[in-house]
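Here are the chains, one letter per residue:
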Amino acid sequence: MSEQLYTAKDFKSDQYVRWCPGCGDHALLNSLHKAMAGLGIAPHMTAVISGIGCSSRLPYYMNTYGFHTIHGRAAAIATGVKVANPELTVWQISGDGDGLAIGGNHFIHALRRNVNINIVLLNNRIYGLTKGQYSPTSPRGFVSKSSPYGTVEDPFRPAELAFGARGRFFGRCVDVDAACSIEVLTASAKHKGASVVEVLQNCVIFNDGCHNAVATKEGRAKNAIYLKHGEPMLFGENNEKGLMQEGFGLKVVTLGENGITEKDILVHNAHCEDNTLHMKLALMEGPDFPIALGVIRDVESPSYDECVYAQIEEVRAKKPARTLEDFLLSGDKWEIK
Ligand SMILES: Cc1ncc(C[n+]2csc(CCOP(=O)(O)OP(=O)(O)O)c2C)c(N)n1
Ligand code: SF4
């Protein structure tokens with residue numbers, strides 16, 4: 001077995017971490033350090049780009065290149081970084097406000113273009129930094145500083161938006177669930193093209209308990225399903241439940257009831273081009289269904305940045321002028337004496 005080149009410490013900066021004690025961002029940051037160490041990509045070959053928000057402070061805590069940019073614009077700047085220097089592994093850190101409200105347009109187009117960036121969406125269903133206004137992922141009827149009588153609008157579901165924008169990688173984890181977070185973050189970085197990891201993140205100050213059903217190990221055993229490519233979709237405290245197809249939808253079944261065995265249970269195929277089942281899995285919610293965690297979709301196709309470089313090479317090969325100097329000397333020229 002080859003030795004790991006880096007440790008989590010190599011990716012930690014010396015900056016004081018300013019998030020509130022108990023904020024889910026702390027746990028995710030630790031998992032990201034560990035995932036990066038496991039990937040074996042040098043800190044100087046890694047760039048972490050964020051917008052504005054509590055979660056967007058994350059680049060300060062990385063010993064990598066980093067850029068705390070403008071509210072909503074992280075995807076645009078991450079795209080620029082990746083295309084300018086395709087050798088870099090580029091991460092984008094955004095909150096649900098940064099990524100899906102002011103930055104919603106950049107989010108969908110980064111996915112549609114399939115830019116090779118790893119988008120980490122810290123979804124606490126609220127604007128934390130600006131002290132508790134509702135966000136595009138707050139549920140209908142949500143009471144907040146900016147919706148004192150409850151919101152009268154339906155939220156975005158990040159997976160639905162990602163798949164609508166032709167997203168090819170979508171994973172989900174819970175902030176405090178380090179094992180799953182590291183696994184999903186690692187898979188997102190290995191995926192060539194735009195990837196989205198939705199982190200169910202708790203904001204202890206303004207939206208405490210927003211992901212209560214899956215916030216504890218016991219809760220996840222009951223209320224979540226860990227999807228793994230090639231494995232049957234089993235869940236429950238003793239893996240006694242499973243998912244089966246029913247008509248165009250899914251149903252939860254119990255092994256042993258009505259003659260149901262493991263053979264009847266759906267097997268997860270994260271690499272299926274058709275996203276219909278991925279969408280159904282990603283949109284499951286309680287109390288009738290488990291919340292899907294892990295890598296839900298992982299389908300490869302050419303990335304924007306590699307296509308840009310391939311096109312440059314193709315055009316250069318056909319044109320006599322390969323450099324600016326060639327170009328300047330290629331047409332009519334005069335010598336002034
Ligand atoms: C152009 C602009 N509009 C509004 C703001 C105010 N603002 C700063 S952060 C933020 C939302 C933060 O929420 P989110 O992205 O969900 O991150 P969190 O703080 O919850 O991690 C807003 C509206 C701003 N900084 N710039
Ligand atoms: S306000 Fe919420 S999101 Fe912001 S640092 Fe505190 S706990 Fe975290």
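Quantities reported herein were computed from a predicted structural model and do not represent experimental measurements. (Residues numbered from 1 in each chain as written. Chains lettered and ligands numbered in written order. Predicted model: local features only at pLDDT ≥ 70, side-chain atom pairs only at ≥ 80, totals over all residues. Heavy atoms only, no water.)

Comments concerning the overall build of the chain
Across its full length, the chain holds 10 helices and 11 strands. Expressed as lengths along the three principal axes of its C-alpha atoms, the size of the chain is roughly 95 × 50 × 45 Å. Burial statistics for the chain: of 337 residues in total, 47% are counted as buried. Per element, the accessible surface of the chain, about 17400 Å² overall, is 54% carbon and sulfur. Taking the average place of the 34 positive charges on the side chains of the chain and the average place of its 37 negative ones, the gap between the two points comes to 4 Å. (Helix = DSSP H or I, 4+ residues; strand = E, 2+ residues; numbered from the N terminus. Buried < 20%, exposed > 50% of the residue type's maximum accessible area, 1.4 Å probe, protein only. Areas by Shrake-Rupley, 256 points an atom, 1.4 Å probe, with all protein chains shown as cover. Lys, Arg positive; Asp, Glu negative; His and termini not counted. Charge placed at Lys NZ, Arg CZ, Asp CG, Glu CD.)

Some points on the nonpolar core
Residues Leu-111, Ile-225, Met-233 and Leu-281 are the most contacted members of the largest nonpolar core, which totals 39 residues. In this structure Leu-281 touches Leu-227, Met-233, Leu-243, Leu-250, His-268, Ala-292 and Ile-296, once residues within four positions along its chain are discounted. (Core = buried A, V, L, I, M, F, W, Y, C linked by side-chain atoms within 4.5 Å. Contact = heavy atoms within 4.5 Å.)

Section: the side chain of Ser-94
With respect to the helices, strands and loops of the structure, Ser-94 is situated in strand S3 (residues 89–95). Within the local environment of Ser-94, its side chain forms a polar contact with the side chain of Asp-98, the two groups lying 2.8 Å apart. Discounting residues that sit within four places of it in the chain, Ser-94 has contacts with Ser-55, Ser-56, Ala-74, Gly-99, Val-120, Leu-121 and Leu-122. (Polar contact = N/O pair within 3.5 Å; in protein donor to acceptor, adjacent residues only side chain to side chain.)

Thoughts on a nonpolar patch on the surface
A contiguous nonpolar patch, built from Leu-324, Phe-327, Leu-328 and Leu-329 and spanning about 470 Å² of accessible area, is present on the exposed surface. Structurally, Leu-329 can be placed in the segment after helix H10 (324–328). (Patch = residues over 30% accessible without salt bridge, like charges linked within 9 Å, V, L, I, M, F, W, Y side chains within 5 Å. Salt bridge = Lys/Arg side-chain N within 4 Å of Asp/Glu carboxyl O.)

Notes on the confidence of the model for the chain
Looking at the chain as a whole, its pLDDT mean stands at 96, while 99% of the residues score no less than 70. When mean pLDDT is taken per element in the chain, strand S6 (residues 195–200) scores highest with 99 and H10 scores lowest with 82. (pLDDT = per-residue confidence, 0-100.)

Thoughts on helix H1 (residues 24–39)
Taking 1.5 Å per residue as the helical rise, H1 with its 16 residues ought to reach 22 Å, and the 23 Å between its terminal C-alpha atoms agrees with that figure. Among all positions of H1, only Gly-24, Asp-25, Leu-28, Leu-29, Ser-31, Leu-32, His-33, Ala-35, Met-36, Ala-37 and Leu-39 are buried. Next to the buried residues of H1 lie strand S1 (46–50), S3, strand S4 (117–123), helix H6 (178–190) and S6. A positive backbone phi angle near 75° is found at Gly-40, which sits one or two residues after H1. (Expected span 1.5 Å × (residues − 1).)

Some details on the UniProt feature "domain: Thiamine pyrophosphate enzyme TPP-binding" (unreviewed entry) in the chain
In the UniProt entry, the feature "domain: Thiamine pyrophosphate enzyme TPP-binding" (unreviewed entry) is given for residues 52–199. When the span residues 52–199 is considered, its composition is 31% helix and 20% strand, and the gap between its end C-alpha atoms is 17 Å. (UniProt positions renumbered as here; feature names shortened; annotations may be inferred.)

Some points on the site of ligand 1
The environment of ligand 1 is formed by 16 residues, the closest being Cys-54, Ser-55, Gly-97, Asp-98 and Gly-128. A distance of 3.0 Å is found between an oxygen atom of ligand 1 and a side-chain nitrogen or oxygen belonging to Asn-124. Taking Leu-129, its main chain carries an N or O atom lying 2.9 Å from an oxygen atom of ligand 1. Within the complex, 74% of the 590 Å² of free accessible area of ligand 1 lies under protein. For the shell around ligand 1, the element with the highest residue contribution is helix H3 (residues 96–100), accounting for 3 residues. Of the residues belonging to the shell around ligand 1, the class tally is 6 nonpolar, 8 polar and 2 charged. (Near = heavy atom within 4 Å. Nonpolar A, V, L, I, M, F, W, Y, C, P; charged D, E, K, R; others polar.)

Quick word on the site of ligand 2
Neighbouring ligand 2 are Trp-19, Cys-20, Cys-23, Cys-54, Asn-124, Gln-201, Cys-203, Val-204, Ile-205 and Phe-206. Tallied by class, the residues present in the shell around ligand 2 amount to 8 nonpolar, 2 polar and no charged.

Focus on the pattern of salt bridges
Inspection of every chain in the model, using the stated rule, returns 9 salt bridges. One salt bridge connects Asp-154 with Arg-140, and the closest N-O pair in it is separated by 2.8 Å. In this pair, Asp-154 is assigned in the loop between S4 and helix H5 (158–164) and Arg-140 in the loop between S4 and H5, connecting sequence segments 14 residues apart. On the basis of relative accessibility, which here comes to 56%, the residue Asp-154 falls in the exposed class.

What to know about H6
Helix length check: H6 (13 residues) gives 18 Å between terminal C-alpha atoms against 18 Å at 1.5 Å per residue, within 8%. Among all positions of H6, only Cys-180, Ser-181, Val-184, Leu-185, Thr-186, Ala-187, Ser-188 and Ala-189 are buried.

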